[in-house]
Amino acid sequence: VTAVGDTRLPSAARGQWARVGDFFCEVSHLTIGRRYLVTGGLFFLLAGISSVVMRVQLAIPDNELLGSETYNQVFTMHGVTMMFLVAIPVMEGLAVAMVPLLIGSKELSFPRLTSYAYWLFLIGGIALWTGLFLHHAPDAGWFSYPPLSEGRYARELGIDLYATSIPLLEIAAVATAIELVVTILTHRTQGMSLNRTPLYAWSVLVMAVMIVFAMPALIVDTLLLEADRTIGTSFFSDAAGGQPLLWQHLFWFFGHPEVYIILLPGLGIVASVVSTFTHHATPAYSIVAAGLILIGAVSFAVWAHHMFATSEPVSGLGFFSAATLSIVIPSGIIVFATLASLWLGHPRWRVPLLYVTGYVWIFVIGGLTGVQIASEAFNQQVTDTYFIVAHFHYTLMGGVVIPLLAGIWYWWPKLAGREGNEALGVASFALVFLGVNLTFFPLHLAGLAGMPRRVYTYPSGLGWEGYQLLSTLGSFVLGLGLVLYAVGLVASRPAEDDPWGGGTLEWATTSPPARPAFGILPRVESAYPLWDQPELHPRERRLENVLTVDIPITTVLDGEPVEVTTTPGPTVVPLAAAVATSLVLLGPLLDPAVVLLGLVVLAIVLVAWALERPWVGSDGSKAAWGAVVAAGMILASLVSAYGFLALRSPIWPYHVPPRPLPLLLPVLVIGLVLLVLPLLVRSVTLSLGAAILLLAAATACLVVDSVRLDYNWATNVTGSIEFALVLFAILAACAAAGGAALALLAALRLDDAAHAVRAATVGTGFAGVTLAVVACVLVIGSRL
Amino acid sequence: MKRRSAGVVASVLCAGLAVGCGDSPAGRSTPSLLDAKGEDARVVSTEFWIQLAAVGLVFALVAAILVASFVRERRRASEEASPHAHHAEGVAWVIVGGIALPVVVLSALFFVYVHDIARLSSQEDRGGPIVVDVIGHRWWWEIRYPKLRIATANQLVLPVGGRVALRVTSKDVIHSFWVPQLRRKIDAIPGSIGSGWISAQQAGIYRGVCSEFCGLQHARMQLLVQAMPQARFAEWVRNAQRAAPQPSTASERAGRDVFTHNACATCHTIRGTTAGGNFGPDLTHVGSRPAIAGAVLANTPGNMGGWIADPQHVKPGAEMPAVPLNGTQLRDVIAYLESLR
């Protein structure tokens, strides 16, 4: 057991200027989590207002309140905001705030990373909304299918904002996801083996793993779109051999898991609330946990059910129908676990549990219409109609929004130190429940009556207006309910430490939790330690609040402590890194030179980041694996895109000669050598030094090889996809070389740099794989 | 569940009543997919009712448990009661309700789904001898009968009972061809062709829409499917194959000259005249069509005049520009176009 690293305390005295900048330097999980929730709440308000605007427009036929230009921006912003600025950030933010308390940890693994992600989220959200206020918001739907979103048909700023902000937001989502995975795997308190981990933490773990696997496809997709729009590549444009459907495959590979990504933590919240308010341990804990994992896994096999009407060869086999249906089984497990607790336990109908009944009713209806549209034939009838609008609003209101309302009320004592006003809460539940059903149920019928979605107006006399009017009335009821909910949270009273009699560790902390929330970390012996170990209960013995930043790192399976780490103090580095990243990604909106400037600043800030706290624990090398998985999904997306284009393009390679070998074979060899280098060379310094040189050589080969070609990214689709692959390989090589250089520095300066070296080796190994794969694809692909 | 079935029944009733009102030119009747009039849509509407019965039963069960646990005599929460009591019962609930029940229901439904889609797609290539190319444009439908050498727009004519083979594509962005009462959607994707067939078992006019978001006037991109008895269809074909009729009045003649000497002719074709543009709809028999402007306006002289005089007012963003014409010219052009039957 070693204890090295930064010993600054979060509240220790610091210089004058630092105190002024406290707001921008904050890294504590509870503060960042609260900021996530507040910012997400504001975006929820904006998205809610835009939905009411749409409902008013659609209340009567042939309404001329909004023109199509405005309506298209409003409905796009509603979807984009709810998906990217509300659902994911709020779910991640709640997890950032609550997960450490549930697993008995004083802090997250990498508080600076979460802070960085929060700033990125804020910047990306502001960038997107700036568009609407300039009347140039994205207007091609949250799905922005090309060619509609390509430069030929959407010349305005809007789609550029979409295609640059989304990658920014997704990088933020992936960063926080890696944070949550590593924290849950390594920061659980002593004795909290995986089978004693609260189900909410399980659901967050699965959500975060899914984010790491799913989001990179969308990052790739949106960046390719922006490249099409700004530098003249032709990934999605059929004129130069591109394929509009490539976008849809990548989009839905992300897009369907996305739905389950935001659903899973909702299910975890429900499990927490139900067990507390029925005083009943979740039945069949291991089956429920397995159900959460199954949902996550199967959701990656269902994306093509969004494309049943495209005549893609994936349809007609029944595979995607079967996969879509099978995902209902784990959802059923979780619903029946809830029902069993309600029946077998002792329900106390407080506000959070009332919301859970709303979840059961609404989510089950959404799930059952999901069973209906799993049918390929029925799906092809109702896709892109109001039936789908009704379906997914039932699943998302039932599985995401209502569980969040339950969870925020439930955890308000920890988030704000207060207990919501019960009467207002009950009234808000009644209105929200009525409002959701009134708003969305009639839309099923509008869809069955043949009404397509995404229409800014509709003719009278087609039997649609009654449903639309009801829905508009319902949206006001729903809105009023949400307002009452917010008032209920504000008009609250100071909360006791354990107002609900919960069984998990967050109820052993004060309300609001002290910093740090735990002193000496408890040893737990059950999944509900506060119920089963009375000595832990705050009533019996306030957990001794020792001001220390030492945090044990525990084993993944059994939660046994193996080493001690510390947590970094306030720092401005995350904000600086977020600004630099934004320069890189939003740069194309201003000038390509801004991108280069951003890259340079980012490199400098990342070095400062590493030097600020050079010691890396075993959680650090686990995080490196997380980053490599995300980067690997980017590589996989690009290689899949290459394969898809090669298969679909009428001529392949598209009017370009086969790529010459002399400079690509060395790249292949270097890639393979990098993989085995740490095994061949014992000396850490020698091995890292050699890796840096090899990466530099490979980069040089790729650059020279690309420059020698007589075609480029703008020539046609082959040039475009080759350019993307080469660019990614170069970026991976540079990042890995940078990591290796920092690890080399740490190895020279610190006694114990084993984990830093391990993390860097993971990086150089990945760069090796990337170089080898890219070289192979370029050599073989153009000779097919 | 009761509320839901009641609503569906109501919607079907509405649809039925509206259909009873007859084939109004603008297709103003509820295009309910449950009021199926084509072979393809009938398979799906039958499937819908089977689904509804199955998921309705499941929902009734869940709702009953939920309501019962809420209203039954409250069991007093007891601090002494172990939160781990009733463990075996809880597991049984999860296995019976969460695993066994969905496995049974979903397996049965999956059988129906595969059966239906297999039935529909095994016949996918068995369209009739008539082939129709459906080409999406922003924001209108180009309809061509390549073997019959007919070109029209926003109007798909087919014989009652016969299958017509469809080849669907797009000239610009992605659209989707959908006639709810007749068949499922086929996406219109630039650079690729989606195929299928369509049939109507009853004469009438059926409303079709673009159902993939395609930009500013997505909401107003429609077409009308006219199902005619065989004899009337044959007559329509013979007429549609002919070149445009010669103008018979002075006003019509003047209208033709205005049309062919102005910007109109650069975008539109009228076979038998010098107008040969291929950017907008072929207008050779525009006078015989039930509707114009992406089938959002009934084909009346007034609507025609309003559309020509100010297309951007009718459909903001439409590709058709306003061509400056004086009152007389406009009247003549309307007279000429309405004469193209």
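Quick note: structure is the one above.
Nothing here was measured: the structure is a model prediction, and the numbers come from that model.

Novice: With reference to specific residues and values, describe the overall build of chain B.
Specialist: When you go through chain B residue by residue, the secondary structure sums to nine helices and twelve strands. Taking all 341 residues of chain B together, the buried fraction comes to 55%. Contacts spanning at least 24 positions in sequence make up 62% of the contacts within chain B whose residues lie at least 6 apart. Of the roughly 14200 Å² of accessible surface on chain B, a fraction of 61% belongs to carbon and sulfur atoms.

Novice: Lay out the packing of helix α12 (residues 351–373) of chain A against helix α15 (residues 422–448) of chain A with the relevant residues and their values.
Specialist: Residues and elements named next belong to chain A. At a minimum axis separation of 9 Å, α12 and α15 run at an interaxial angle of 10°. Judged by the inter-axis angle, α12 sits roughly parallel to α15. Taken together, the residues of α15 that come into contact with α12 (itself represented by Val 351, Leu 354, Tyr 355, Thr 357, Gly 358, Trp 361, Ile 362, Ile 365 and Thr 369) are Glu 422, Gly 425, Val 426, Ser 428, Phe 429, Val 432, Phe 433, Val 436, Asn 437 and His 444.

Novice: Give me the sheet that holds strand β5 (residues 164–170) of chain B: which residues, what numbers.
Specialist: Residues and elements named next belong to chain B. The five strands lie next to each other as β3-β2-β1-β5-β8, forming an open sheet whose pairing is mixed. Each edge of the sheet is formed by a strand with only one pairing partner; in this case those strands are β3 (150–153) and β8 (194–198). The sheet shows a mean angle of 25° between the axes of neighbouring strands, taken without regard to direction. Bridging between strand β1 (residues 130–137) and β5 involves seven bridges; their strand directions are parallel. In the strand pairing of β5, Val 134 is matched with Val 168.

Novice: Let's hear about a nonpolar patch on the surface: which residues, and what values?
Specialist: All names here are of chain A. Together, Leu 672, Leu 675, Val 676, Leu 679, Leu 680 and Val 769 make up an exposed nonpolar region whose accessible area comes to about 560 Å². Of the residues forming the nonpolar patch, the biggest block, five residues, is contributed by helix α21 (residues 664–680). The topology assignment puts Val 769 in helix α24 (residues 754–781).

Novice: Explain unusual backbone geometry to me, using residue names and the numbers behind them.
Specialist: Most peptide bonds are trans, and most residues other than glycine sit at a negative phi. The step from Arg 515 of chain A to Pro 516 of chain A runs through a cis peptide bond, and the omega angle for that step is -5°. Phi is positive for Asp 62 of chain A, which is not a glycine, with a value near 55°. With respect to the helices and strands, Asp 62 of chain A occurs in the loop between α3 (29–58) and α4 (68–102). Under the relative-accessibility criterion, Asp 62 of chain A is labelled partly exposed at 37%. Positive phi, close to 55°, is recorded for Arg 149 of chain B, a residue that is not glycine. Turning to its location among the elements, Arg 149 of chain B is positioned in the loop between β2 (140–145) and β3. The class of Arg 149 of chain B is exposed, set by a relative accessible area of 65%.

Novice: Any chance you could break down the sheet that holds strand β6 (residues 175–179) of chain B for me, citing the residues and the numbers?
Specialist: Residue and element names in this part refer to chain B. The sheet built from five strands is open, its strands ordered β4-β10-β9-β6-β7 with mixed pairing. Unpaired on one side and paired on the other, β4 (155–159) and β7 (183–188) mark the two borders of the sheet. Going from strand to strand, the sheet's axes swing by 20° on average, the running direction of each strand aside. As defined by bridge partners, β6 adjoins strand β9 (residues 204–210) across two bridges and the pair is classed as antiparallel. Across the sheet, the residue bridging to Trp 178 is Val 209, located in β9.

Novice: Run through the interface of chain B and chain A, naming residues and quoting values.
Specialist: Taken together, the contact between chain B and chain A spans 91 residues of the former and 90 residues of the latter. Taken together, the two surfaces of chain B and chain A that pack against each other cover about 7800 Å², and 69% of this comes from carbon and sulfur. There are one salt bridge connecting chain B and chain A. Counting every contact that joins chain B to chain A gives 19 residue pairs in polar contact (both at pLDDT 80 or more). Looking at the side of chain B that touches chain A, the elements that each hand over two or more residues are α1 (2–20), α2 (39–71), α3 (87–122), β7, β8 and β9 of chain B. With 18 residues, the single largest contributor to the side of chain B that touches chain A is α3 of chain B.

Cut-offs used in this document
- Residues numbered from 1 in each chain as written.
- Chains lettered and ligands numbered in written order.
- Predicted model: local features only at pLDDT ≥ 70, side-chain atom pairs only at ≥ 80, totals over all residues.
- Heavy atoms only, no water.
- Helix = DSSP H or I, 4+ residues; strand = E, 2+ residues; numbered from the N terminus.
- Buried < 20%, exposed > 50% of the residue type's maximum accessible area, 1.4 Å probe, protein only.
- Contact = heavy atoms within 4.5 Å.
- Areas by Shrake-Rupley, 256 points an atom, 1.4 Å probe, with all protein chains shown as cover.
- Axes fitted to C-alpha atoms, helices over the stretch in contact; angles between N-to-C directions.
- Parallel < 35°, antiparallel > 145°, perpendicular 65-115°, else oblique.
- Pairing = 2+ DSSP bridges.
- Patch = residues over 30% accessible without salt bridge, like charges linked within 9 Å, V, L, I, M, F, W, Y side chains within 5 Å.
- Salt bridge = Lys/Arg side-chain N within 4 Å of Asp/Glu carboxyl O.
- Buried area = accessible area lost by both parts, 1.4 Å probe.
- Polar contact = N/O pair within 3.5 Å; in protein donor to acceptor, adjacent residues only side chain to side chain.

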